[in-house]
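Notes for the structure review
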Amino acid sequence: MRYRAAVITGASSGIGRSLAVRLAERGVASLVLVARRRELLEEVAREIRAHERRAYVECLDVADTERTVERLRALDRELGLDLVVANAGVGAAAGVDPLAWETLRGPLHVNLCGAAATLSAALPGMLERRRGHLVGIGSLSAFGALPGSAAYCTPKAGLSMLLDCMRLDLQGTGVDVTHVRLGFVRTEMVARSTHPLPQLLEPEQVADELSERLPAAPREIVLPRALGALTRAYGALPGRLRDLAARAVTGL
Ligand SMILES: NC(=O)c1ccc[n+]([C@@H]2O[C@H](COP(=O)([O-])OP(=O)(O)OC[C@H]3O[C@@H](n4cnc5c(N)ncnc54)[C@H](OP(=O)(O)O)[C@@H]3O)[C@@H](O)[C@H]2O)c1
């Protein structure tokens, strides 16, 4: 296993939780588990320790970006992190004004600012050691705007650009960057969704794929492939045609 010490934000449930456990099973020696719900993190930590790996519980709200950077830098000094997964995220609230600041605020602070703080925190240490891997958990929704979805699409599109910029700036430094673009996954985030969830994945499936493919540090992992190809094609449509397609498909 390429990694010795990893941090995963959003490790208390869903994809982050499954990925943390899977990485421990595959041999990562130390895992730092970040989220707000301590009891759930303790549960995940117990599961990881049962595999005779070290688990550190770090209760953090990643929207508090200064504290996030401070804590992750301290952990990097202690453990020498070689994998950082910015996974913590929130969905957009349902039944609210999609363009109100109150709707946009949470996802922007957590999914974009929190991810940027997470991804940049350990960089100085990684650059010094000339070794590291930054991973952002994004979404197929970043390929193209969807009606009523500004709060979710916007930060994921920002994350996509951040990862592209990081990859360019970090070439030749020994620090790799991977963008994970996901379709629908059966987690708390989509549990109350009233929309159709085509090609729904299980979090364990995502964790299996990621734990197998991340060590090769591809620039991008797209899951599921078929929905990924469709949304990428949708995003590449000329503007007016894309607007028509969005309305036709969503009925909004
Ligand atoms: N599920 C999908 O269909 C889907 C599709 C594409 C992309 N994704 C992305 O996958 C990632 C994981 O989501 P999931 O589907 O696994 O949903 P989830 O089960 O709801 O997990 C979200 C995780 O993020 C943590 N989190 C939320 N706000 C946080 C904050 N302010 N500070 C620290 N941690 C915070 C939550 O922990 P606490 O509540 O304990 O803080 C939880 O561990 C997200 O980035 C999401 O956008 C999901």
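That block above? That's the structure.
Quick look at the structure, then. Everything quoted here is computed from the prediction, not taken from an experiment. (Residues numbered from 1 in each chain as written. Predicted model: local features only at pLDDT ≥ 70, side-chain atom pairs only at ≥ 80, totals over all residues. Heavy atoms only, no water.)

1. Overview of the overall build of the protein chain
Helices and strands together make up the secondary structure of the protein chain, namely nine helices and seven strands. For the protein chain, the spread of C-alpha atoms along the principal axes amounts to about 50 × 40 × 35 Å. By sequence separation, contacts in the protein chain at least 24 residues apart represent 70% of the contacts at least 6 residues apart. About 12300 Å² of surface is accessible on the protein chain, with carbon and sulfur atoms providing 53% of the total. One way to put it: in the protein chain the 32 positive side-chain charges average out to a point 3 Å from where the 28 negative ones average out. (Helix = DSSP H or I, 4+ residues; strand = E, 2+ residues; numbered from the N terminus. Contact = heavy atoms within 4.5 Å. Areas by Shrake-Rupley, 256 points an atom, 1.4 Å probe, with all protein chains shown as cover. Lys, Arg positive; Asp, Glu negative; His and termini not counted. Charge placed at Lys NZ, Arg CZ, Asp CG, Glu CD.)

2. Regarding the site of the ligand
Close to the ligand lie 30 residues, the nearest being Arg36, Asp61, Asn87, Tyr152 and Thr187. In the environment of the ligand, an oxygen atom lies 2.7 Å from a nitrogen or oxygen atom belonging to the backbone of Asn87. Separating an oxygen atom of the ligand from a side-chain N or O atom of Lys156 is a distance of 3.0 Å. For the shell around the ligand, the secondary-structure elements that each account for two or more residues are helix H1 (14-25), strand E5 (132-139) and helix H6 (150-169). (Near = heavy atom within 4 Å. Polar contact = N/O pair within 3.5 Å; in protein donor to acceptor, adjacent residues only side chain to side chain.)

3. A word on the environment of Gly132
Inspection of the secondary structure puts Gly132 in strand E5. Residue class for Gly132 comes out buried when judged on its relative accessible area of 1%. Each C-alpha atom, one on Gly132 and one on Ala6, is 9.7 Å from the other, the two residues being 126 residues apart in sequence. The residues contacting Gly132, other than those within four sequence positions of it, are Arg2, Asp82, Met126, Gly174, Val175 and Asp176. (Buried < 20%, exposed > 50% of the residue type's maximum accessible area, 1.4 Å probe, protein only.)

4. A closer look at the pairing of strand E4 (residues 83-86)
Both faces of the sheet carry side chains from a regular strand, because those side chains alternate between them. Neither face of E4 is open: one carries Leu83 and Val85, the other Val84 and Ala86, and all of them are buried. Judged from the three bridges that link them, strand E1 (residues 5-9) and E4 form a sheet pairing that is parallel. In the sheet register, Ile8 faces E4, and the bridge partner there is Val85. Taken together, the three bridges between E4 and E5 define a ladder with parallel strand orientation. Looking at E5, one finds that Val84 is bridged to Leu134. (Pairing = 2+ DSSP bridges.)

5. Section: the state of the cysteines
Evaluated as defined, the whole model comprises zero disulfides. In this structure Cys113 is not part of a disulfide, and its nearest cysteine sulfur, from Cys165, lies 15 Å away. Cys153 takes part in no disulfide bond, and the closest cysteine sulfur to it belongs to Cys113, at a distance of 17 Å. (Disulfide = S-S within 2.5 Å.)

6. Focus: the pattern of salt bridges
Scanning the entire structure with this criterion turns up 17 salt bridges. Residue Glu42 pairs with Arg38 through a salt bridge whose shortest N-O separation is 4.0 Å. Taken as a pair, Glu42 and Arg38 lie in helix H2 (residues 38-49) at a separation of four residues, close to a single helical turn. The exposure class of Glu42 is partly exposed, given its relative accessible area of 27%. Measuring nitrogen to oxygen at the nearest pair gives 2.8 Å for the salt bridge that ties Glu220 to Arg181. Of this pair, Glu220 sits in strand E7 (residues 220-223) while Arg181 sits in strand E6 (residues 175-182); the two residues are 39 residues apart in sequence, bridging distant segments of the chain. On the basis of relative accessible area, Glu220 is assigned to the partly exposed category, the value being 26%. (Salt bridge = Lys/Arg side-chain N within 4 Å of Asp/Glu carboxyl O.)

7. Considering helix H3 (residues 65-79)
Helix length check: H3, at 15 residues, gives a terminal C-alpha distance of 21 Å against a target of 21 Å (1.5 Å per residue), a fit within 8%. Every buried residue of H3 is accounted for by Thr68, Val69, Leu72, Leu75 and Asp76. Looking down the long axis of H3, one finds its buried residues gathered within 135 degrees of arc, a one-sided arrangement. Exposed residues on H3 whose side chains face more than 90 degrees from its buried face are Glu66, Arg77 and Glu78. Looking at the buried side of H3, the elements it contacts are E1, strand E2 (30-35), strand E3 (54-59), helix H4 (101-121) and helix H5 (123-129). With its phi angle positive at about 65 degrees, Gly80 sits one or two positions after the end of H3. (Expected span 1.5 Å × (residues − 1). Arc of directions from axis to C-beta.)

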